[in-house]
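# An overview of the molecular structure
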Amino acid sequence: MYRDGARKSIWQEEIRKFSSESDLDQLYDVAIVGGGITGISTALKLQQAGKRCILLESANIGFGTTCGTTAHLNDFFDTTFKEAISDFGQDNAQLFADTGQEAISIIESNIHQFGIDCDFERKTAYLFALDEEQQKQLKDIVEGASEVGHKMTYVENIPFPIPFKQAVSIPDQAQFHPVKYIKGLCEAFISLGGVIQEDCRCESHYEQDNHVVLETSKGEIKAKNVVYATHIPPGLSVLHTTNAPYRSYAIAFTLKSGNYPKDLGYDLIDPYHYYRTQEIGGQTLLIAGGEDHKTGHEEDTGECFSRLENYVRKYFDVETVYYSWSSQYYEPTDGFPYIGKLPGSSGKIFTATGFRGNGMILGTISSQIFTDLIVMGNSKYENVFSPSRIKPIAGFADFVKENAVVAYDFIKDKLFAGKINSLSEVKEGEAKVVKYEGESYAVYKETNGKVHLVKSTCPHAKCEVRWNSAELSWDCPCHGSRFNVNGKLLTGPTVKDLPRVETDTEI
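This structure is a prediction, so every number in the text was calculated from the model and none was measured. (Residues numbered from 1 in each chain as written. Predicted model: local features only at pLDDT ≥ 70, side-chain atom pairs only at ≥ 80, totals over all residues. Heavy atoms only, no water.)

## Structural notes on empty space enclosed by the protein
To be explicit about the condition: In the cavity and pocket records, a cavity denotes points on a 1 Å grid over the protein atoms alone where a 1.4 Å probe fits but cannot get out, a pocket denotes an open set with protein on both sides within 12 Å along at least 5 of 7 lines, and lining residues are residues with an atom within 4 Å of a point. Grid points are joined across faces, edges and corners, and a volume is the space filled by probe spheres set on the points. Helix and strand definitions follow DSSP, with helices as H or I runs of at least four residues and strands as E runs of at least two, each counted in order from the N terminus. Residue type decides the class: Asp, Glu, Lys and Arg count as charged, Ala, Val, Leu, Ile, Met, Phe, Trp, Tyr, Cys and Pro as nonpolar, and the leftover types, Gly among them, as polar.
In total, this model carries 3 cavities of 30 Å³ or more according to the counting rule given. Empty space within the second largest cavity amounts to approximately 40 Å³. Arg 247, His 293, Gly 296, His 297, Glu 298, Thr 301, Arg 466, Trp 467, Asn 468 and Asp 475 are the residues that line the second largest cavity. Considering every element that reaches the lining of the second largest cavity, the biggest residue donor is strand β22 (residues 466-468), with 3 residues. When grouped by side-chain class, the residues that make up the lining of the second largest cavity number 1 nonpolar, 5 polar and 4 charged.

Structure follows, in structure tokens:
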């Protein structure tokens, strides 16, 4: 199974193509765009509800963040319940709190109903403060949780060899193998008459009176409703000003002692570290994650892996690192996800984004929300998670800050790309954005001297891409589009590749 990066994640051993011969000319009830946990869960639930569905994926199932997650299933979130109460009120904070266990229950139900073997296990989570400042944060977290009826209990010990000031345990959390799970969902979806079309990029859409037309690399596809489960919707909309792309890093390794913690762990450092175990091919591995940063804003992304590994080695008796990978998520400016009708659409197009680090849970609950909206016309979550909501106070400072950063990045990169006279000025193993005769190019030269040359301007909003040395990709710092060294699209919101330039005829 391929994913949107050069590094192999722990989940990629599961390889399966799901595309089949399908009638793309019929009018479907729902076309779901995106083959990660959000899209596949939604397709299955709508098919179960009696809708004729087609799932479209531009690469292969699990290509994006679902294959890059660390697959924690927890009902406490990066946005704390105290923050949720302050910004959205008690009732909406309570709804937010309810999504966690509801999503885990949906996952459990799917596993039992369809006999999916995906290593699902219920776990206890431990949240721990490492210093006095984090102790204050933990106190606020526990107080907020209490106000929405979420159980957190102070404990004297944690199953992690990390010195701490204070900690709480949180029961009834879980973990699973995300790719085994979505494979099982795909098989169930197909068995119910659903259609999956991989290698099908959706390039644009337009709305008719009774349906939506998707213009794709396989031709036009028509559906009464469309769900964009693409992490952030394509095109340009208000959602690209209220969400910011971030990357997170993960390492899976063995321990010399063989003494693996059995539960889930999270510290309160900013950005925080998180831990869990997983058995792969009969071998137990400890997965650690962290070192998050805004996409395109880390000069040497390889250093993020080094910092994470060094931090883990400080406390764990690391033996061998087997996997290291990174993945992308979107931070909403006001702290809540955006799940519902696409702003600017007539009500037949839906989307989900802004999941922060809680994609497995919020992707799953999105499937219930979309199904309720499409089948019944309403959802108990539709107002609180509405993509069109306006919160003049909650997140306003972050909204201004993020958009100022985007504007700064746009101008700075346009003005300060280095000028060169020849490709020979780029060293072997080096990548950079350069200017030649007034045009901007992204150049990567392999250690054997082979040159990969593409236009450097992201087709989405015309920002300049930046080099990601860890994943060998060109990443857009404005809205998170990503491309491989030859300009092929890895991650939206753009739907176009970077134009490739033949080096024997150009600069």
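There is more to say, and it comes next.
## With respect to the nonpolar core
Quick reminder of the rule: Think of a nonpolar core as a cluster: buried Ala, Val, Leu, Ile, Met, Phe, Trp, Tyr and Cys residues, connected wherever their side-chain atoms sit within 4.5 Å. In this scheme, a residue with accessible area under 20% of its type's maximum is buried, one over 50% is exposed, and one in between is partly exposed, where area comes from a 1.4 Å probe on protein chains only. Residues are treated as being in contact if the distance between any of their heavy atoms lies within 4.5 Å.
Counting 84 residues, the largest nonpolar core has Ile 10, Phe 176 and Tyr 181 as the members making the most contacts within it. Tallying contributions element by element places helix α3 (residues 90-114) first for this core, with 9 residues. When residues no more than four places from it in sequence are discounted, the contact partners of Tyr 181 are Ile 37, Ile 106, Ile 107, Asn 110, Ile 111, Ile 116, Cys 118 and Phe 176. In terms of nonpolar packing, the next biggest core, distinct from the first, is built from 23 residues, Leu 130, Phe 160, Tyr 275 and Leu 286 among them.

## Structural notes on the state of the cysteines
Any covalent bond linking the sulfur atoms of two cysteines counts as a disulfide. The criterion, for reference: For the purposes of this analysis, a disulfide is any pair of cysteine sulfur atoms at a distance within 2.5 Å.
Taken as a whole and assessed by the stated rule, the structure comprises 1 disulfide. Across the disulfide, Cys 463 is cross-linked to Cys 478 (sulfur-sulfur distance 2.1 Å). Because the sign of the S-S torsion sets the handedness, a value of about -100° for the bond joining Cys 463 and Cys 478 places this disulfide among the left-handed ones. With Cys 463 in the loop between β21 (451-455) and β22 and Cys 478 in the loop between β23 (473-475) and β24 (482-484), this residue pair connects regions lying 15 residues apart in the sequence. Both residues of the pair, Cys 463 and Cys 478, count as buried. Its sulfur unpaired, Cys 304 is 18 Å from the next cysteine sulfur, which belongs to Cys 476. Residue Cys 304 is classed as buried on the basis of its relative accessible area of 0%.

## Considerations on the environment of Cys 186
Locating Cys 186 in the fold gives a position in helix α5 (residues 178-191). Cys 186 sits 10 residues away from Ile 196 along the chain, and the two C-alpha atoms are 8.1 Å apart.

## Overview of the packing of aromatic side chains
Put simply, the test is: To pair, rings of Phe, Tyr and Trp, with the six-membered ring standing in for Trp, must have centres within 6.5 Å; the planes then decide the type, stacked if under 30 degrees apart, edge-to-face if over 60, and tilted in the middle.
Counted according to the given criterion, the structure contains 20 aromatic pairs. Between the aromatic rings of Phe 96 and Phe 336, the centroid separation amounts to 4.4 Å while the plane-to-plane angle is 35°, which identifies the pairing as tilted. With Phe 96 in helix α3 and Phe 336 in the loop between β15 (318-332) and β16 (338-341), this pair connects stretches of sequence that are 240 residues apart. Given a relative accessible area of 1%, Phe 96 falls into the buried group. Judged by relative accessible area, which is 0%, Phe 336 ranks as buried. Ring plane angle 20° and centroid distance 6.0 Å describe the contact between Tyr 246 and Tyr 329, whose orientation is recorded as stacked. With Tyr 246 in strand β11 (residues 243-255) and Tyr 329 in strand β15, this residue pair connects regions lying 83 residues apart in the sequence. When its relative accessible area of 10% is taken as the criterion, Tyr 329 is described as buried. An aromatic cluster of at least three residues, connected via ring pairs, comprises Phe 77, Phe 81, Phe 88, Phe 96, Phe 336, Tyr 381 and Phe 385.

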